[in-house]
Amino acid sequence: MAHDKRPVNLNLLTIRQPVTAVVSILHRITGLILFLSLPLIFWALGATLAGPEGFNQVADFLSSALGKVFALLLWAAVGFHLCAGLRHTLMDMGWAESLRGGRIGAFAVLVATAILVILGGIWLW
């Protein structure tokens, strides 16, 4: 039996992933976050449409510090998922399919998301 010299490190947190892989993984995670937050979003929408009491309840929560953090995190997930989705759509259309183009697109997604989060934070506070 030959001696196998392949690495056996199975800790994914110690492996340095390329930026394209990080953006792809985060795109999946933000999609899951958005999907799991839908019941809360639908509840808030229903409460605001049910009457003034429900609207005030949702408005009070969103004006609290915890509500603002929740709204900013949800905004970050929406912004990242949107930017990464646009990147994937452009790649499906044949743009930025090269390794260099993929890296530039991944960095563009991160920069655009950072700008969106900063603008959202300014607007919330």
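My aim in this report is to walk through the structure given alongside it, one point at a time. The structure displayed is predicted, hence computed values, not measured ones.

Cut-offs applied
Residues numbered from 1 in each chain as written. Predicted model: local features only at pLDDT ≥ 70, side-chain atom pairs only at ≥ 80, totals over all residues. Heavy atoms only, no water. Helix = DSSP H or I, 4+ residues; strand = E, 2+ residues; numbered from the N terminus. Buried < 20%, exposed > 50% of the residue type's maximum accessible area, 1.4 Å probe, protein only. Contact = heavy atoms within 4.5 Å. Areas by Shrake-Rupley, 256 points an atom, 1.4 Å probe, with all protein chains shown as cover. Phe/Tyr/Trp six-rings, centres within 6.5 Å; stacked < 30°, edge-to-face > 60°. Core = buried A, V, L, I, M, F, W, Y, C linked by side-chain atoms within 4.5 Å. Axes fitted to C-alpha atoms, helices over the stretch in contact; angles between N-to-C directions. Parallel < 35°, antiparallel > 145°, perpendicular 65-115°, else oblique. Left-handed = near helix turned anticlockwise from the far one by under 90°. Nonpolar A, V, L, I, M, F, W, Y, C, P; charged D, E, K, R; others polar. Expected span 1.5 Å × (residues − 1). 1 Å grid on protein atoms, 1.4 Å probe; cavity = no way out; pocket = protein on both sides within 12 Å on 5 of 7 lines; lining within 4 Å. Points joined across faces, edges and corners; volume = space filled by probe spheres on them.

Turning to the overall build of the protein, a few remarks are in order. Assigned secondary structure in the protein consists of four helices and zero strands. Scanning the protein from its N terminus toward the C terminus, one meets helices and strands in the order α-α-α-α. Considering the protein as a whole, with its 125 residues, one finds that 23% of them fall into the buried category. Of the contacts made within the protein by residues no fewer than 6 positions apart, 74% connect residues no fewer than 24 positions apart. Carbon and sulfur atoms make up 73% of the accessible area of the protein, which totals about 9400 Å².

Turning our attention to the packing of aromatic side chains. Here the structure, examined in full by the defined rule, presents one aromatic pair. Centroid distance F61 to F70: 6.4 Å. Interplanar angle 55°. Geometry classified as tilted. Among the residues examined, F70 registers a relative accessible area of 28% and is labelled partly exposed.

For the rest of this paragraph, the subject is the nonpolar core. Among the nonpolar cores identified, the biggest contains seven residues, and these are V19, V23, F80, C83, A84, A106 and V109. It is helix 3 (residues 65-92) that contributes the most residues to this core, three residues altogether. In contact with A106, not counting residues within four places along its chain, are V19, T20, V23 and R87.

The next subject is the packing of helix 1 (residues 19-50) against helix 4 (residues 99-124). Where helix 1 meets helix 4, the axes come as close as 8 Å, and the angle between the chain directions of the two elements is 50°. Considering their axes alone, helix 1 and helix 4 lie oblique with respect to each other. For helix 1 against helix 4, the interelement crossing comes out left-handed. Across the interface between the two elements, V19, T20 and V23 from helix 1 touch G102, R103, A106, F107, V109 and L110 from helix 4. Residues belonging to the contact of helix 1 with helix 4 are distributed by class as follows: six nonpolar, two polar and one charged.

A word on helix 3. Here helix 3 spans 40 Å end to end across 28 residues, near enough to the 40 Å set by a 1.5 Å rise per residue. Of the positions making up helix 3, those classed as buried are G67, K68, L72, L74, A76, A77, G79, F80, C83, A84 and R87. Those residues of helix 3 that are buried are in contact with helix 1, helix 2 (52-63) and helix 4. G94 sits one or two residues past helix 3 and shows a positive phi near 100°.

Structurally, F107 is set in helix 4. With 87 residues separating them along the chain, F107 and T20 place their C-alpha atoms 8.3 Å apart.

Glycine aside, residues mostly have negative phi angles, and peptide bonds mostly take the trans form. Residues other than glycine seldom take positive phi values, yet A96 does so here, at roughly 55°. Examined against the element boundaries, A96 turns out to sit in the loop between helix 3 and helix 4.

Turning our attention to the layout of surface pockets. The calculated volume of the largest pocket comes to roughly 420 Å³. Taken together, 16 residues form the lining of the largest pocket, with I41, L62, F70, A71 and L74 sitting closest to its centre. Contributing elements (two or more residues each) for the lining of the largest pocket: helix 1, helix 2, helix 3 and helix 4. Of the residues assigned to the lining of the largest pocket, the class counts are 15 nonpolar, one polar and no charged.

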